[in-house]
Amino acid sequence: MTNPKTNSGQLSASFRDPSGFLFSRDGILYRQVNHKYEQEYGRLMESGLYDKLVKAGLLIPHIEADQPGAESAAAYKIIQPERVPFISYPYEWSFGQLKDAALATLSIQRRALKAGMSLKDASAYNIQFVRGKATLIDTLSFEVYKEGQPWVAYRQFCQHFLAPLALMALRDVRLNQLLRVYIDGVPLDLASELLPSRTRLNFGLLTHIHLHASAQKRYSGADVKSRTGTMNKQAMTGLLESLDSTVRKLNWNPGGTEWGNYYDITNYSDAAFEHKKQLVGEWAGRVKPALVWDLGANNGVFSRVAGEAGGYVVSSDVDPTAVEQNYRQMKGEKTENLLPLLLDLTNPSPSIGWANLERDAFHGRGPANMVLALALVHHLAISNNVPLPQLADFLAKWGKWLVIEFVPKSDSQVQKLLVSREDIFPTYTREGFESAFKQQFTIHEAVNVHESERVLYLMESS
Amino acid sequence: MHFAPLPYLDPGSGSFLIQLLIAALLGLGVAVRASWSRIKGWFGIKPKAADDEDDEPEDK
């Protein structure tokens, strides 16, 4: 990962919590645990909570490292967490991924309470997909629970998880993009305004979103410090159960949107499809990429083929339906080296947050060893008017190896894109494509796909 | 500004108060359920599943 760093190597996304921070040294990621956090860290490790959470796949495992701290005066311990293969953000997740991240957070909180601890934050950014499961990556998220104390992360949970999930399920699935604008989650007054009024009849949404939003407005700035110590454990259990059941009842089922049934409406035969799979498998097997980005992956058929070579595959698409289907299949098959993600290539995730350094742009989390761009070129070059040399330049920055499919103008899918517009693409030919890409890449293979007019290439950026 | 022993994230005054209210209500429910299962226990009716998070089934 190329997350920007400060001078001490401290990662720029890791500055808020006084308990410690992440830093990188010689390419290895460490987390400094500050003296301030000694008691909590001890409780986490000694109470058995750490072991239970790691065993359940809910917390990232770590080892204690014999390293000096990056800011040694404050350092109590240095730990080395297991490396997350690819960092992703909630605005890149499908509905199911965000829901699983929410349920994992609540499950962690319930387990923590049993061990006398409590989550002090409930940020969606603290959850990552590791071996296919939503996993907490911030080992320093726990505090010692004192009976009577409310859940300090309640507001954050509602903003990061409940509000976007409710909006996605009950208003429009695309509203997860609000998370890209509001880095600390969807403001509850906005969620309350956008949700259909019938959601006031749902007890969970009425209380945790609508009344919650009104209370925020009404009691803004009120001094509540004297009220600490008035929420017993039973009340905490009730609150967590209510959040859990409210989240569980929110559902969104992928319907027939743009690409939902893409593979049923494609214009190529089974033989062409099988030939493409065979070529992708063969070339991935030859290159053995550690990290593959499948761009425009649809429901991930070719991502899975590429993944058989053993690397980690980020399988991205612009369509929430395809990403949801991909995620459900991944979960069902317990695939560990695949990460379905929502990504609009015409406007990929930018770097956002404080000083624009907190959350990396998509390309900042690369480059990949291999990029797959199958049945994609025509969408970018024709629908989005990207000139071929610019496309080649873009793809060369994203990965060393490129498996790319050229779909000629005579193809009925391309004809469809041109049906309602002028053909202003005189260079969109096989020759034009090859000459543009040769500026950036060495073409190792160019194979005509059986029973089709398409050509599949294996290229290496030069 | 106060820091210790307050949390490093601001829980928000309104969020804090509404949480106390909702949780008090929901806590009552938990208490009623616990008493109810105790009463059922007197008649030999066992609770359906062990309420142990470690046995929590995998999410579907």
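Starting from 1, residues in each chain are numbered consecutively following that chain's sequence as written. Chains carry letters and ligands carry numbers; both start at the beginning, A for chains and 1 for ligands, and go up in the order they are written. Whole-chain, interface and lining totals are the exception, using all residues; otherwise, since this is a predicted model, local features are given only for residues with pLDDT of at least 70 and side-chain atom pairs are given and counted only at 80 or more.

*Asks:* Which parts of the structure should I look at to understand the overall build of chain A?
*Replies:* Each helix is a run of DSSP H or I of at least 4 residues and each strand a run of E of at least 2, with the numbering of both proceeding from the N terminus. Assigned secondary structure in chain A consists of 16 helices and 15 strands. For chain A, whose C-alpha radius of gyration is 24 Å, the value lies close to the compact-globule estimate of 23 Å for 462 residues. Structurally, chain A occupies a C-alpha span of about 75 × 55 × 40 Å along its principal axes. Whether a residue is buried, exposed or partly exposed follows from its count of other C-beta atoms within 10 Å of its own C-beta, namely 20 or more, 12 or fewer, or something in between, respectively; the C-beta atoms are built from the backbone. Buried residues in chain A amount to 46% of all 462 residues. Note that contacts rest on C-beta atoms placed from the backbone: two residues are in contact if these are within 7 Å. Across chain A, contacts joining residues at least 24 apart in sequence account for 68% of those joining residues at least 6 apart. Atoms counted for the radius of gyration: C-alpha only. Globule rule: 2.2 Å times residue count to the power 0.38.

*Asks:* Help me understand the sheet that holds strand E11 (residues 338–342) of chain A in this model?
*Replies:* What links the strands of a sheet is backbone hydrogen bonding, and the strands pair in either a parallel or an antiparallel sense. Residues and elements named next belong to chain A. On the basis of which strands lie adjacent, the open sheet formed by seven strands has the order E11-E10-E9-E12-E13-E15-E14 and mixed pairing. With one partner strand each, in any of the chains shown, E11 and strand E14 (441–448) form the two edges of the open sheet. Neighbour-to-neighbour, the strand axes of this sheet turn through a mean angle of 15 degrees, independent of strand direction. We treat two strands as partners when DSSP finds at least two bridges between them. In this sheet, strand E13 (residues 399–406) lies alongside strand E12 (residues 368–373) in parallel orientation, the contact comprising five bridges. Pairing of Ala 373 across the sheet is with Ile 404, part of E13. In the packing of helix H12 (residues 320–332) onto the sheet, the strands contacted are strand E10 (312–317) and E11, and the crossing angle to E11 comes to about 160 degrees. Orientation is described by axes fitted as lines to C-alpha atoms, over the contacting stretch for helices, and by angles from 0 to 180 degrees between their N-to-C directions.

*Asks:* I would appreciate a short explanation of the interface of chain A and chain B in the present structure.
*Replies:* Where interface size is quoted, it is often the accessible area lost as the parts come together. Each partner contributes to the interface: chain A provides 41 residues, whereas chain B provides 25 residues. Of all the secondary-structure elements, those providing two or more residues to the side of chain A that touches chain B are helix H3 (95–114), helix H4 (154–170), helix H7 (203–218) and helix H8 (233–249) of chain A. Ranked by residues supplied to the side of chain A that touches chain B, first place goes to H8(A) with eight residues.

*Asks:* For this particular structure, what's the right way to read the environment of A:Val144?
*Replies:* All names here are of chain A. Locating Val 144 in the fold gives a position in strand E8 (residues 142–144). Sequence spacing of Val 144 and Arg 430 is 286 residues, and the spatial spacing of their C-alpha atoms is 64 Å. Once residues within four sequence positions are removed from consideration, Val 144 is found in contact with Gln 39, Glu 40, Arg 43, Gly 116 and Met 117.

*Asks:* Looking at this structure, I do not really get the nonpolar core. What am I missing?
*Replies:* Generally speaking, a soluble globular protein has its nonpolar side chains buried in company with each other. Residues and elements named next belong to chain A. Residues Leu 162, Leu 165, Ala 166, Ile 209, Leu 372 and Ala 373 are the most contacted members of the largest nonpolar core, which totals 128 residues. Ranked by the residues each element gives to this core, the list is headed by H4, at 11 residues. Ignoring any residue separated from it by four or fewer positions in sequence, one finds Ala 373 in contact with Leu 295, Gly 296, Leu 395, Leu 402, Ile 404 and Glu 405. Residues enter a nonpolar core if they are buried, belong to Ala, Val, Leu, Ile, Met, Phe, Trp, Tyr or Cys, and are joined to the set through C-beta atoms within 7 Å. Of all hydrophobic cores here, the second largest spans seven residues; its members include Leu 11, Phe 21, Leu 22 and Ala 70.

*Asks:* Before we go on, may I ask you to explain the packing of helix H14 (residues 388–398) of chain A against helix H16 (residues 430–438) of chain A in this structure?
*Replies:* For any two helices packed against each other, the geometry comes down to the angle between their axes and how far apart the axes lie. All names here are of chain A. Running from amino to carboxyl end, H14 crosses H16 at an angle of 45 degrees, the nearest separation of the two axes being 8 Å. Comparing the axis directions of H14 and H16 gives the class oblique. Once H14 is placed against H16, the crossing between them reads as right-handed. Between H14 and H16, the contacting residues are Leu 388, Pro 389 and Ala 392 on the first element and Gly 432, Phe 433, Ala 436 and Phe 437 on the second. In terms of residue class, the contact of H14 with H16 is built from six nonpolar, one polar and no charged. An angle counts as roughly parallel when it lies under 35 degrees, as roughly antiparallel when it exceeds 145, as roughly perpendicular when it falls between 65 and 115, and as oblique in every other case. Two helices that cross are described as forming a left-handed crossing if the nearer one is turned anticlockwise from the farther one by less than a right angle, and a right-handed crossing if clockwise. Polar here means any residue outside two lists: the nonpolar Ala, Val, Leu, Ile, Met, Phe, Trp, Tyr, Cys and Pro, and the charged Asp, Glu, Lys and Arg; Gly therefore counts as polar.

*Asks:* Looking at this model, I keep getting lost on H3(A). Mind explaining?
*Replies:* An α-helical turn contains 3.6 residues, so a residue and the one three or four places further along point in the same direction. Residues and elements named next belong to chain A. Multiplying 1.5 Å by the helix residue count minus one yields the expected span of that helix. Compared with an ideal rise of 1.5 Å per residue, which puts 20 residues at 28 Å, H3 spans 29 Å between its outermost C-alpha atoms and is within 8% of the ideal. With 16 of 20 residues buried, H3 is to be regarded as a mostly interior element. Two residues or fewer after H3 comes Gly 116, characterised by a positive phi angle close to 75 degrees.

*Asks:* Even after reading the chapter, I still don't get the packing of H4(A) against H7(A), so can you show me in this structure?
*Replies:* All names here are of chain A. Between H4 and H7, the least distance of the axes is 11 Å, while the angle of their chain directions is 110 degrees. It follows from the interaxial angle that H4 and H7 lie roughly perpendicular. Where H4 approaches H7, its residues Cys 158, Leu 162, Ala 163 and Ala 166 are matched on the opposing element by Leu 205, His 208, Ile 209 and His 212. A breakdown of the residues in the contact of H4 with H7 according to their chemical character gives six nonpolar, two polar and no charged.

*Asks:* I keep staring at the domain arrangement of chain A and nothing clicks. Help me out?
*Replies:* When its domains are assigned, chain A resolves into domain 1 (20–81), domain 2 (90–249) and domain 3 (262–461). Source of the domain bounds: an automatic or database domain assignment. For domain 1 of chain A and domain 3 of chain A, the distance between their C-alpha centres works out to 38 Å.

*Asks:* Is there a simple way to think about the sheet that holds strand E4 (residues 75–81) of chain A in this case?
*Replies:* Residues and elements named next belong to chain A. Taking strand neighbours across the sheet as the criterion, the four strands line up as E1-E2-E4-E3 in an open arrangement whose pairing is antiparallel. The open sheet terminates on both sides in strands that have one partner only, identified here as strand E1 (20–25) and strand E3 (62–65). When the angles between neighbouring strand axes are averaged without regard to direction, this sheet yields 35 degrees. Taken together, the four bridges between strand E2 (residues 28–34) and E4 define a ladder with antiparallel strand orientation. When the bridges of E4 are listed, Gln 32 appears paired with Ile 78.

*Asks:* Help me understand helix H1 (residues 13–42) of chain B in this model?
*Replies:* The end-to-end C-alpha separation of H1(B) is 44 Å, in line with the 44 Å expected for 30 residues at 1.5 Å each. Within H1(B) the residues assigned to the buried category are B:Ser13, B:Gly14, B:Ser15, B:Phe16, B:Ile18, B:Gln19, B:Ile22, B:Ala23, B:Leu26, B:Gly27 and B:Val30. The inward-facing, buried residues of H1(B) contact H4, H7 and H8 of chain A.

*Asks:* What should I look at first to understand the environment of A:Asp66 in this one?
*Replies:* Structurally, A:Asp66 is set in the loop between E3 and E4. Distance from A:Asp66 to A:Ile78, taken between C-alpha atoms, is 7.1 Å for residues 12 residues apart in sequence.

*Asks:* Honestly, the pairing of E13(A) in this entry has me stumped. Any pointers?
*Replies:* If a strand is regular, its side chains alternate between the two faces of the sheet. All names here are of chain A. Across the eight residues that make up E13, a large majority, seven, are buried. With six bridges joining them, E13 and strand E15 (residues 455–461) adopt antiparallel strand pairing. Across the sheet, the residue bridging to Glu 405 is Leu 456, located in E15.

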